[in-house]
Amino acid sequence: MARAIAIGGVALGTRPRIVAAGGEGEIEALAAATDADVVELRADLFASPVPETIVAALKRLRGAGRPVILTVRLAAEGGRALLDEQRLAIYRAGLPHADAIDVEIASGALVADLVPRARAAGVTVILSAHDTAATPPAEALLALVERGVALGADVVKLAAYANTLDDVRTMLRVTLAARERGVVTMAMGPAGSLSRLFYPAAGSLLTYASVGEPTAPGQIPLRELAALLTRFYP
């Protein structure tokens with residue numbers, strides 16, 4: 001089993017945990033997402049992602065009773081184009097109102113600034129990597145896990161686009177090999193949708209669902225995914 005990790009009061013590794021993900025248009029749906037264990041606020045999906053607006057949204061979601069992950073996704077990894085200075089300002093302002101932050105391993109300057117701040121605030125650190133076009137070789141993905149751990153991640157999250165079922169199998173091998181490190185894995189795209197259900201059995205600590213517009217290709221709607229997890233993980 002992976003080492004003990006938590007996001008807020010939600011322990012990871014004991015059973016599959018669902019993250020409901022959304023942006024500005026899904027705030028109320030996220031607040032009402034009782035089937036989710038954790039919610040993710042995608043600040044980069046706001047029309048005007050300024051610190052004041054994001055902090056207000058974080059307060060709304062936290063007030064609904066579930067831990068919150070704050071993410072300001074890098075454009076190159078599936079987010080909206082924002083300057084690093086804008087992203088950093090949002091993260092800094094949001095830290096006191098979040099239970100975890102998700103920052104890309106590739107965003108080196110942000111990682112160096114935010115990991116110590118998160119540690120001091122008791123905020124869980126998810127360091128992530130996303131390939132929106134293909135699935136890299138297993139060796140490259142495992143190297144990213146080691147890189148994320150070395151940078152101070154509590155959890156390393158890997159997401160890659162699966163063009164074939166062989167890609168889904170590649171990420172499965174990575175999950176099994178890295179499960180002791182504390183990982184979240186997913187295969188994006190239509191071929192990867194089933195990964196949202198069975199990668200938790202291989203050691204992925206979280207699985208992500210949509211509550212409106214999907215934040216990544218292949219996401220399963222929250223209610224549907226929750227029903228499947230209840231059925232297959234009694």
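For the structure itself, look to the data block above.
Residues numbered from 1 in each chain as written. Predicted model: local features only at pLDDT ≥ 70, side-chain atom pairs only at ≥ 80, totals over all residues. Heavy atoms only, no water.

**Things to note about the pattern of salt bridges**
- All told, the structure shown has 15 salt bridges when counted by the stated rule.
- Taking the shortest distance from any N to any O, the salt bridge between Arg92 and Asp113 comes out at 2.6 Å. On the criterion of sequence distance, the pair formed by Arg92 in helix H3 (residues 84-94) and Asp113 in helix H4 (residues 108-121) is long-range, its members being 21 residues apart.
- Since its relative accessible area comes to 38%, Arg92 is described here as partly exposed.
- The salt bridge involving Arg181 is made with Glu146; its shortest N-O contact spans 2.7 Å. Linking Arg181 in the loop between helix H6 (165-178) and strand S9 (183-188) with Glu146 in helix H5 (residues 138-150), this pair joins segments that are 35 residues apart in sequence.
- With relative accessibility at 42%, the residue Glu146 sits in the partly exposed group. (Salt bridge = Lys/Arg side-chain N within 4 Å of Asp/Glu carboxyl O. Helix = DSSP H or I, 4+ residues; strand = E, 2+ residues; numbered from the N terminus. Buried < 20%, exposed > 50% of the residue type's maximum accessible area, 1.4 Å probe, protein only.)

**Description of the nonpolar core**
- If you look at the biggest cluster of nonpolar residues, it comprises 58 residues, and the most contacted ones within it are Leu41, Leu70 and Ile101.
- Here this core takes 5 residues from H4, the largest share from any one element.
- Ile101 has contacts with Ile69, Leu70, Tyr91, Leu95, Leu114, Ala118, Val123, Thr124, Val125 and Ile126, leaving out every residue within four places of it along the chain. (Core = buried A, V, L, I, M, F, W, Y, C linked by side-chain atoms within 4.5 Å. Contact = heavy atoms within 4.5 Å.)

**Remarks on the packing of H6 against helix H7 (residues 195-202)**
- One can describe the packing of H6 onto H7 by two numbers: an axis separation of 9 Å at closest approach and a directional angle of 25°. The angle between H6 and H7 falls in the class roughly parallel. Along this stretch, H6 crosses H7, giving a crossing that reads as right-handed. Taken together, the residues of H7 that come into contact with H6 (itself represented by Val168, Met171, Leu172, Thr175 and Leu176) are Phe198, Tyr199 and Ala202.
- Taken together, the residues that form the contact of H6 with H7 break down as 7 nonpolar, 1 polar and no charged. (Axes fitted to C-alpha atoms, helices over the stretch in contact; angles between N-to-C directions. Parallel < 35°, antiparallel > 145°, perpendicular 65-115°, else oblique. Left-handed = near helix turned anticlockwise from the far one by under 90°. Nonpolar A, V, L, I, M, F, W, Y, C, P; charged D, E, K, R; others polar.)

**Details of the packing of aromatic side chains**
- Going through the model one piece at a time under the given rule, you end up with 1 aromatic pair.
- Their ring planes at 85° and their centres at 5.0 Å tell us that Phe198 and Tyr199 sit as a pair that is edge-to-face.
- A relative accessible area of 28% means that Phe198 is categorised as partly exposed.
- The exposure class assigned to Tyr199 is buried, which follows from its relative accessible area of 0%.
- Positioned over the ring face of Tyr208 is Lys157, at 4.6 Å from the centre of the ring. (Phe/Tyr/Trp six-rings, centres within 6.5 Å; stacked < 30°, edge-to-face > 60°. Lys NZ or Arg CZ within 6 Å of the ring centre and 35° of its normal.)

**A few points about the sheet that holds strand S11 (residues 220-221)**
- Judged by pairing direction, the sheet is parallel, and its 9 strands sit side by side in the order S9-S8-S7-S6-S5-S4-S3-S10-S11 without closing on themselves. At either end of the open sheet lies a strand with only one pairing partner, and these are S9 and S11.
- Across the sheet, H6 touches strand S8 (155-161) and S9, and the angle it forms with S9 is around 180°.
- Of the strands in this sheet, S9, strand S10 (206-210) and S11 are in contact with H7, which crosses S9 at around 150°. (Pairing = 2+ DSSP bridges.)

**Notes on the pairing of S10**
- Burial of S10 is extensive: 5 of the 5 residues sit out of reach of the surface.
- Across the two faces of S10 the burial is the same, with Leu206, Tyr208 and Ser210 and Thr207 and Ala209 all buried.
- Of the pairings in the sheet, the one linking S10 to S11 comprises 2 bridges and is parallel in character. Paired with Ser210 across the bridge in S11 is Pro221.

**Details of H5**
- In a regular helix each residue adds 1.5 Å, so 13 residues correspond to 18 Å; H5 covers 18 Å between its end C-alpha atoms and thus fits that length.
- Every buried residue of H5 is accounted for by Ala138, Leu141, Val145 and Gly148. The buried residues of H5 occupy an angular sector of 85° when the element is viewed end-on, so they sit on one face. Exposed residues lying more than 90 degrees from the buried face of H5 are Glu139 and Ala150.
- If you follow the buried residues of H5, they end up packed against strand S7 (124-131), S8, H6 and S9.
- The positive-phi residue at the C-terminal boundary of H5 is Gly152, with phi of around 110°. (Expected span 1.5 Å × (residues − 1). Arc of directions from axis to C-beta.)

**Considering the side chain of Thr124**
- Relative to the helices and strands, Thr124 is located in strand S7.
- Since its relative accessible area comes to 9%, Thr124 is described here as buried.
- Only 2.7 Å separates the side chain of Thr124 from the backbone oxygen of Ala6, close enough to count as a polar contact.
- If near-sequence neighbours (up to four positions away) are discounted, Thr124 is found in contact with Ile5, Ala6, Ile7, Asp99, Ala100, Ile101 and Asp154. (Polar contact = N/O pair within 3.5 Å; in protein donor to acceptor, adjacent residues only side chain to side chain.)

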